Amino acid sequence: MALPVAADDPRRTRFSRALRREATDTTPVWLMRQAGRYLPEYRATRARAGSFLALAKTPELACEVTLQPLLRFDLDAAILFSDILTIPDAMGLGLEFAQGEGPRFARPVRSAADIAHLGVPDPETELRYVMDAVRLIRHELDGRVPLIGFAGSPWTLACYMVEGTGSRDFARIKAMAWNDPASLHRLLDVLARAVAAYLAAQAAAGAQALMLFDTWGGLLAPPMFAEFSLRYLDAIAQHLRAHVVAAVLPLILFAKGVNGAGQLEALADTGCAALGVDWSISLGEARRRVGARVALQGNLDPAALHAQPEIIEREVAALLRAFGPHPGHVFNLGHGITPEVDPESVAVLVDAVHRLGRRAVAEGG
Ligand code: 1CP
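Because the structure is a prediction, the values reported are computed rather than measured.

(A) Representation of the site of the ligand. Every one of the 22 residues lining the ligand counts as a neighbour, but R33, Y42, R46, Y160 and H335 are closest to it. Take Y160: an N or O atom from its side chain is 2.5 Å from an oxygen atom of the ligand. Within the side chain of H335, a nitrogen or oxygen atom sits 2.6 Å from an oxygen atom of the ligand. Protein burial of the ligand: of its 900 Å² of free accessible surface, 87% is covered by the chains. When grouped by side-chain class, the residues that make up the shell around the ligand number 13 nonpolar, five polar and four charged.

And the structure:
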């Protein structure tokens, strides 16, 4: 496999340096869901595995699909191939993915008694397949680019656990937030402990950056976001700072749809290294709001990958300009790549970021 690079290759460190807001030769780029259905080789490996879950639970295959986008594109980070729903699965909810549908739990969490039964899974036994995948990927990457480990936020995991499946509005958990907040807090508390242990174990297994996905944080109005999501993101960040290995790793918080009313500032106050930003706010405004305290990761509309190559380049240039000539930008989409994207468009995007990012960096200093 043609992955290893020379000891002084900037790709080894560009991403980590940008997260620490240090100068880089050009803007680093990786893409959420960079390993996934838009790649024919991913679809072939998944067919060989038999199902998405078999793929995620077999470390050799998870490693193979993690590396697939890196063999095609000049990306600056790898992200562990797994899913946020591994934790509720390990808690005993019975995760299934029906062909062509989203996730579904056989035993969703609906009552105080259901919540009382949940325990914190031991990452090195019940989630051993994830840790084995992290170790194997690190070995195969051989230092070419850093590996990102990740987990879902307690709120986002609870959304799926209470609803039992994906949803547009997750009405059941919102009803619980109003009608039985004490039970919901018990659920979020056990999830925060599980997520913290899981991320710390990924760090110990070799992950070099950690990312928390709060995909559904934006369903909550600001006071409820503070109470039911931010509070637990904060608890996890604090826990990781006390962990011998995780403490030195950059933590990226991505809370989709959460840009208003001081929320970005509050997320930065957790002490995280970087904020993932969706495309509903300009990077320039996000930066003005949080200052130089954290790096920013984002935030191209994923649908821009359906545009003509010249338009993709134009959008990349506009986004680099919006961030401005400062260190501390990791280029990404504002959410995951969709399955219909042409891989050629991803090549155009990655190339444009590196080419135009050099100029953006040079103008800065
Ligand atoms: O059919 C398939 O092959 C399954 C599609 C798929 C993939 C490629 C799922 C099912 N999960 C994944 C991988 C995955 N999931 C990664 C891998 C690393 C990467 O390349 O980025 C990551 C980071 C996730 C995280 C994830 N899973 C999130 C948070 C990020 C986000 O996209 O908002 C969420 C909400 C999930 C749940 C989930 N898993 C899979 C699907 C289709 C969904 C979404 C369901 C819904 O619409 O609610």
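The rest of the description comes next.
(B) Spatial organisation of the sheet that holds strand β4 (residues 147-152). Taking strand neighbours across the sheet as the criterion, the seven strands line up as β1-β4-β5-β6-β7-β8-β9 in an open arrangement whose pairing is parallel. Strand pairing shows two members of the sheet lacking a second neighbour, β1 (78-79) and β9 (329-333), which therefore form its edges. As paired elements, β1 and β4 share two bridges and run parallel to each other. Bridging across to β4, I79 finds its partner in I148. Its contacts with the sheet put helix α10 (residues 181-205) on β4 and β5 (209-214), and the angle it makes with β4 is roughly 170 degrees.

(C) Region of interest: the packing of aromatic side chains. Applying the stated criterion across every chain yields a total of seven aromatic pairs. Summarising the aromatic geometry, the rings of F52 and F81 are spaced 5.7 Å apart at their centres and angled 75 degrees between planes, so their arrangement reads as edge-to-face. With F52 in helix α3 (residues 52-57) and F81 in the loop between β1 and α5 (86-93), the pair connects residues that are 29 residues apart, well separated along the chain. As far as the burial class goes, F52 and F81 line up, both buried.

(D) Geometry of the nonpolar core. Among the nonpolar cores identified, the biggest contains 138 residues, and M161, L187, L275 and L349 are the most heavily contacted of them. No other element matches α10, which puts 15 residues into this core. Excluding anything up to four places from it in sequence, L187 contacts V109, I115, L118, A158, M161 and V162.

About the thresholds
- Residues numbered from 1 in each chain as written.
- Predicted model: local features only at pLDDT ≥ 70, side-chain atom pairs only at ≥ 80, totals over all residues.
- Heavy atoms only, no water.
- Near = heavy atom within 4 Å.
- Polar contact = N/O pair within 3.5 Å; in protein donor to acceptor, adjacent residues only side chain to side chain.
- Areas by Shrake-Rupley, 256 points an atom, 1.4 Å probe, with all protein chains shown as cover.
- Nonpolar A, V, L, I, M, F, W, Y, C, P; charged D, E, K, R; others polar.
- Pairing = 2+ DSSP bridges.
- Helix = DSSP H or I, 4+ residues; strand = E, 2+ residues; numbered from the N terminus.
- Contact = heavy atoms within 4.5 Å.
- Axes fitted to C-alpha atoms, helices over the stretch in contact; angles between N-to-C directions.
- Phe/Tyr/Trp six-rings, centres within 6.5 Å; stacked < 30°, edge-to-face > 60°.
- Buried < 20%, exposed > 50% of the residue type's maximum accessible area, 1.4 Å probe, protein only.
- Core = buried A, V, L, I, M, F, W, Y, C linked by side-chain atoms within 4.5 Å.

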